[in-house]
Amino acid sequence: MSEFEPKVVAFVCNWCTYAGADLTGTSRIKYASNVKIIRFPCTGRIDFMLLLKSFANGADGIIVSGCHPNDCHYTSGNFHAKRRWIMFKELMDFMGIDMNRITFSWVSAAEGARWAEVVNSTVTRVRELGPYVSYKQMVNTSIEEEVTHA
Amino acid sequence: MARIGVFICHCGENISATVDCGRVAETIGKLKHVAYSTEYKYMCSDPGQTLIKDAIKEYKLTGIVVSACSPRMHEPTFRKAAAEAGLNPYLCEMANLREHCSWVHEKNDMTTEKAIDIVRILVEKVKINNALLPIKVPVTKTALVIGGGIAGIQSALDIANTGHKVILVERSPSIGGHMSQLSETFPTLDCSQCILTPRMVEVAQHPNITLYTYSEVESLDGFIGNFTVKIRKKARSIDEKDCTGCGLCTTKCPQKKIPNEFEEGMGFRPAIYTPFPQAVPNKPVIDREHCTYYIKGKCKVCEIVCPTKAIRFDQPDQILEIQIGAIVIATGFDIKRTDFFPEYGFGKYKDVIDGLQFERLASASGPTGGAILRPSDGVVPKNIVFVACAGSRDPAKGIAYCSKICCMYTAKHAMLYKHKVHEGKAHVFYMDIRSAGKNYDEFVRRAIEEDYVNYIRGRVSTIYECDGKLIVKGVDTLLGAQPLEIVADMVVLATAGVANSGAEELAQKLHVSYDSHKFFAEAHPKLKPVETNTAGIFLAGACQNPKDIPDSVSQASGAAVKVAALFSQNELTREPLVAFVNRCSPPLYSTCVGCFLCQSVCPYQAIEREEFKNRDGKTIKTVAKINEGLCQGCGTCVALCRSKSIDLHGYTNNQMYTEVMALLNVY
Ligand SMILES: Cc1cc2nc3c(=O)[nH]c(=O)nc-3n(C[C@H](O)[C@H](O)[C@H](O)COP(=O)(O)OP(=O)(O)OC[C@H]3O[C@@H](n4cnc5c(N)ncnc54)[C@H](O)[C@@H]3O)c2cc1C
Ligand code: SF4
Ligand code: SF4
């Protein structure tokens, strides 16, 4: 059997982390290809429900990354993201989601090497944790239950 | 029904070396709604763009995905091409196969599969993209220049001479910057003040320039063409209209022992002072921190002696709010001081000085009247050592870069010393001599060949004091790394050029990026060295990295042209990637419930209230409405809205959800 290759979704902002990941490319720093990037204008735009949707649909790990505090292109979008994240994290934890599968980080447009580190460390960690099936199962069973009850 | 075209670029071999482009094109070609899928060596080239345009027409495409480099690089190129073929530019998306895939992964199946996934994400997205029309906004034709060094002065004059208004904000009491402190300037050795002062006066007298000295930017709102800046005009404690600049107060002030910043601490100034005789404006300020009146509540000598009664002890800071259309940042640089160097005595030895201090010693208007005298006892140094690259090019000290100006000013310093102290000996420790520039290398050669400056290739490990002398220990690497010891009377460190104090805070206020050394970051290192990543904000001079006067002036003029080009338009077109609140037919009008939480998170105050009235004129519902001129499209409100009433063009909830599902291959 081939080794487990985790699927990792990265939600990043356009101005810092997306540009930082571009710099990783221009600097030709290699990293694991398990990560695929979705570009948002700002971390403030990220609806954390998308994290749940991702897990429910087969993601094994998630990275959320934007500008460092005070560096937001839109002044304060990343602060709102962080505040929302603090709340949402608790909620996800309560729901039984394995928080080790999520990396929340700041990567600036100048930190090409850091992006590679963030990706690699996340992929390594998620690889050790194995495929994320429990949440998917939970969601699917509850849907089934609803269907049978109806 | 959607008809999508996909164009896979090889980027020479940049993409095709690791990604099997043929396989990507083929796999994507089989997706539902993909009407055309092809590959080509250079999509951005003329034939590449023609290929795209032809395909749009031939296959009646309703959306395209150009799979090439980063959209941050070529999105405008391909959107323009799409528009030329009659396709709305916002129906063109780019898949980043180069920076995010081929350049960062090895050549293998997984990389090609990732490439396919990346393209598929964008194909699914573009299917639900909306055609959008650009937004038109007016341009306020007034520029703000921040920093009144030579770069800011040049930019302000150039912009003003195109007929546009300029607001010049300088935080110190006078314009002039570091250039006003210099004695003579390389490579011609002309006196710095003599070439600078006329420019300063021109600024003061220019009908299009409004000068605010002793002022700082408090905050900035808005966007290109339409900024609002708040400027804090610090209290000078004098009435500038009444003050004639006679200077009587400065001579009578009893508080005389304040270290003089302009003289780099090598002299004193009173509490009410003008930084230097040629200051513009030539009006004093009271340094409230040191003034006896502010400390002890009595003195007021200046008020008594002032012939025009211009002193105002109770003057408050003023906040001015001004509309501007473009900004030039020209806040300059600073240098590391001697206390940064433990190996050279932490700044403890009085006769180990930095380059700016040497400039003041060599300056005819300086504390010694231009005589080279050592600070400890006022004796002429017989043996002087210059240490180049003090701190620069030294990753261990956190400064890996070359400060660029020190090789040249060190040669200048050694020359100036030799011209003044004929019998003296000047030694220069250097790593390499970097003197690229018109007449620059000739200048250094003159120091070596005509003024007999002793250039030693090697670094200085320590400097310590012994019997009133400074022992300089180093090596001469051209003599086979021979250890070397020079007994010197004075040492001048060419310390690293660093970002100016407050640069980081200013960058944050202006929302522009800066690098890890806190220098302001250009939009592109080669092709956009004058622009920042924030539209309408430009860079000039040493605030970007240490640079000499000719480079600072050239860039300042460059920035001025950028501003003038912007001001040549009456209207700007803006990207329509802004938020919108849904509307539906009465009696609902919108799903918005009017909680206005969105209003409190919007960084740009772009969310307004719209009232719906019944026939009697009574308000029956109030909902949110986006001001498209102000909205910058961050989307913070979208993620927050609990009734999902706001959405963002280009990044709609539906699009983001679709992208995630496509990524996970749920389709
Ligand atoms: C020792 C030494 C010798 C030199 N000799 C030479 C020479 O011989 N020839 C040569 O070509 N170059 C020389 N240089 C380089 C020269 O000093 C610089 O090229 C030049 O000063 C750069 O001009 P600038 O306007 O960009 O910055 P600066 O001269 O640093 O001016 C910046 C201005 O902005 C103001 N400012 C800073 N922050 C703010 C803020 N937040 N708000 C408002 N205002 C602000 C500052 O008060 C200052 O007035 C020398 C440099 C040194 C250190
Ligand atoms: S748009 Fe949303 S957040 Fe704003 S007022 Fe309406 S319901 Fe509240
Ligand atoms: S997207 Fe929303 S929060 Fe962001 S600037 Fe526009 S209206 Fe304000």
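The rules behind the values
Residues numbered from 1 in each chain as written. Chains lettered and ligands numbered in written order. Predicted model: local features only at pLDDT ≥ 70, side-chain atom pairs only at ≥ 80, totals over all residues. Heavy atoms only, no water. Contact = heavy atoms within 4.5 Å. Salt bridge = Lys/Arg side-chain N within 4 Å of Asp/Glu carboxyl O. Polar contact = N/O pair within 3.5 Å; in protein donor to acceptor, adjacent residues only side chain to side chain. Helix = DSSP H or I, 4+ residues; strand = E, 2+ residues; numbered from the N terminus. Buried < 20%, exposed > 50% of the residue type's maximum accessible area, 1.4 Å probe, protein only. Pairing = 2+ DSSP bridges. Right-handed = clockwise from strand over helix to strand, strands pointing away. 1 Å grid on protein atoms, 1.4 Å probe; cavity = no way out; pocket = protein on both sides within 12 Å on 5 of 7 lines; lining within 4 Å. Points joined across faces, edges and corners; volume = space filled by probe spheres on them. Axes fitted to C-alpha atoms, helices over the stretch in contact; angles between N-to-C directions. Near = heavy atom within 4 Å. Areas by Shrake-Rupley, 256 points an atom, 1.4 Å probe, with all protein chains shown as cover. Nonpolar A, V, L, I, M, F, W, Y, C, P; charged D, E, K, R; others polar. Phe/Tyr/Trp six-rings, centres within 6.5 Å; stacked < 30°, edge-to-face > 60°. Core = buried A, V, L, I, M, F, W, Y, C linked by side-chain atoms within 4.5 Å. Domains from an automatic or database assignment. Buried area = accessible area lost by both parts, 1.4 Å probe. Disulfide = S-S within 2.5 Å.

(A) Structural view of the interface of chain B and chain A. Counting residues at the interface gives 46 residues for chain B and 47 residues for chain A. On the surface where chain B and chain A come into contact, there are three salt bridges. Of the charged contacts in the structure, one is a salt bridge between K644(B) and D47(A), with a shortest N-O distance of 3.2 Å. Here chain B is connected to chain A by 16 residue pairs in polar contact (both at pLDDT 80 or more). At the level of elements, α3 (71-84), α4 (98-102), α5 (109-127), α17 (636-640), β34 (646-648) and α18 (653-663) of chain B are the ones that each hand at least two residues to the side of chain B that touches chain A. When residues in the side of chain B that touches chain A are grouped by element, the largest group, seven residues, is from α18(B).

(B) Highlighting the pattern of salt bridges. Counted under the stated rule, the structure contains 44 salt bridges over all chains. Notably, a salt bridge pairs E111(A) with R114(A), separated by 3.6 Å at the nearest N-O pair. When its relative accessible area of 23% is taken as the criterion, E111(A) is described as partly exposed. Across the pair K469(B) and D489(B) runs a salt bridge whose closest N-O atoms are separated by 2.7 Å. You can see K469(B) sitting in strand β25 (residues 469-476) and its partner D489(B) sitting in the loop between β26 (482-488) and β27 (490-495), a full 20 residues away along the chain. Residue class for K469(B) comes out partly exposed when judged on its relative accessible area of 35%. Among the charged side chains, a salt-bridge network with shared partners connects R39(A), E75(B), R79(B), E93(B), K125(B) and E659(B).

(C) How the structure looks around the pairing of strand β7 (residues 165-169) of chain B. All names here are of chain B. Counting buried residues along β7, four of its five residues qualify, which places the element largely inside the surrounding structure. Alignment of strand β6 (residues 142-146) against β7, held across five bridges, turns out to be parallel. By the bridge assignment for β7, T142 is matched with K165. Chirality of the crossover, the property in question, places the unit of β6, helix α6 (residues 150-161) and β7 among those that are right-handed. As paired elements, β7 and strand β10 (residues 209-212) share four bridges and run parallel to each other. Bridge pairing links L168 to L211 in β10.

(D) Spotlight on empty space enclosed by the protein. Following the criterion strictly, the structure yields seven cavities of 30 Å³ or more and no others. Size it by volume and the largest cavity reaches roughly 230 Å³. For the largest cavity, the lining is made up of 18 residues, of which Y18(A), I37(A), R39(A), M94(B) and L122(B) are closest to its centre. When contributions to the lining of the largest cavity are tallied by element, the ones reaching two or more residues are β2 (35-40) of chain A together with β4 (92-96) and α5 of chain B. Here the lining of the largest cavity gets five residues from one element, more than from any other, and that element is α5(B).

(E) Region of interest: the sheet that holds strand β17 (residues 318-324) of chain B. Residue and element names in this part refer to chain B. Taken together, three strands build an open sheet; the order of strands is β11-β12-β17 and the sheet is antiparallel. Looking at which strands have only one partner, the edges of the open sheet turn out to be β11 (215-223) and β17. Looking at each pair of strands side by side, their axes are set apart by 20° on average, direction ignored. Examined bridge by bridge, β11 and strand β12 (residues 226-233) share eight bridges and lie antiparallel to one another. Looking at β12, one finds that V217 is bridged to I231.

(F) Summary view of the site of ligand 1. Residue and element names in this part refer to chain B. By nearness alone, 36 residues border ligand 1, and E170, H178, F186, K412 and K547 come closest of all. At 3.2 Å, a backbone N or O of R171 approaches a nitrogen atom of ligand 1. In the model, an oxygen atom of ligand 1 is placed 2.7 Å from a nitrogen or oxygen of the K412 side chain. Within the complex, the protein chains bury 97% of what would otherwise be the 990 Å² of accessible surface of ligand 1. Those elements giving two or more residues to the shell around ligand 1 turn out to be α6, β8 (184-185), β19 (333-335), α11 (355-362), α12 (406-420) and α15 (549-567). When grouped by side-chain class, the residues that make up the shell around ligand 1 number 16 nonpolar, 13 polar and seven charged.

(G) Looking closely at the site of ligand 3. Taken together, 13 residues surround ligand 3, and among them C602(B), C631(B), C634(B), G635(B) and C637(B) come closest. Its residues placed into classes, the shell around ligand 3 shows ten nonpolar, three polar and no charged.

(H) Examining the packing of aromatic side chains more closely. With the rule as written, the count across this model stands at 20 aromatic pairs over all chains. Taking the centre distance of 5.9 Å and the plane angle of 75° together, the rings of Y401(B) and F519(B) count as edge-to-face. Of the two residues, Y401(B) is situated in the loop between β21 (383-390) and α12 and F519(B) in the loop between α14 (503-510) and β29 (537-539); the sequence distance between them amounts to 118 residues. For the pair Y401(B) and F519(B), a shared accessibility class is recorded, and that class is buried. In this structure an aromatic cluster arises from ring pairing among F48(A), W85(A), F88(A), F104(A) and W106(A).

(I) Spatial organisation of the nonpolar core. Judged by nonpolar contacts, the single largest core of 134 residues is most densely connected at F11(A), L51(A), M92(A), I64(B) and V119(B). It is α5(B) that contributes the most residues to this core, eight residues altogether. Excluding residues that lie within four positions of it along the chain, V119(B) makes contacts with V6(B), I8(B), V24(B), I28(B), V65(B), S67(B), A95(B) and L97(B). The next biggest cluster of nonpolar side chains, apart from the first, holds 38 residues, and it includes I353(B), A388(B), F443(B) and V492(B).

(J) Structural view of the domain arrangement of chain B. Residue and element names in this part refer to chain B. The domains assigned to chain B are domain 1 (4-127), domain 2 (143-172 + 187-229 + 319-329 + 514-571), domain 3 (248-305), domain 4 (334-498) and domain 5 (579-648). For domain 2 versus domain 4, the separation of C-alpha centres amounts to 32 Å. Between domain 2 and domain 4, the residue contacts involve nine residues of the former and 18 residues of the latter. For the pair domain 2 and domain 4, the summed buried surface comes to about 1,000 Å²; carbon and sulfur atoms form 69% of the total. On the domain 2 side of the contact with domain 4, P187, L189 and P546 bury the most area, a combined 55% of that side's loss. Counting across the interface, domain 2 meets domain 4 through one salt bridge. The salt bridge partner of K404 is D551, with a shortest N-O separation of 3.2 Å. At the surface where domain 2 touches domain 4, the tally comes to two residue pairs in polar contact (both at pLDDT 80 or more). A per-class count over the side of domain 2 that touches domain 4 returns five nonpolar, one polar and three charged.

(K) Structural view of the state of the cysteines. Within this structure, the stated rule accounts for two disulfides over all chains. A sulfur-sulfur distance of 2.2 Å marks the disulfide that ties C16(A) to C67(A). The S-S bond linking C16(A) to C67(A) shows a torsion near 100°; that makes this disulfide right-handed. Here C16(A) is found in the loop between β1 (8-13) and α1 (17-26), whereas its partner C67(A) is found in the loop between β3 (61-66) and α3 (77-94), with 51 residues between them in sequence. Sulfur-sulfur distance for the disulfide between C191(B) and C194(B) comes to 2.1 Å. What sets the handedness of the C191(B) and C194(B) disulfide is the S-S torsion sign, and at about 90° it is right-handed. Overall, the relative accessible area of 28% leaves C191(B) in the partly exposed class. Left without a disulfide partner, C69(B) is nearest to the cysteine sulfur of C11(B), which lies 6.3 Å away. Residue classification places C69(B) among the buried positions, given a relative accessible area of 6%.

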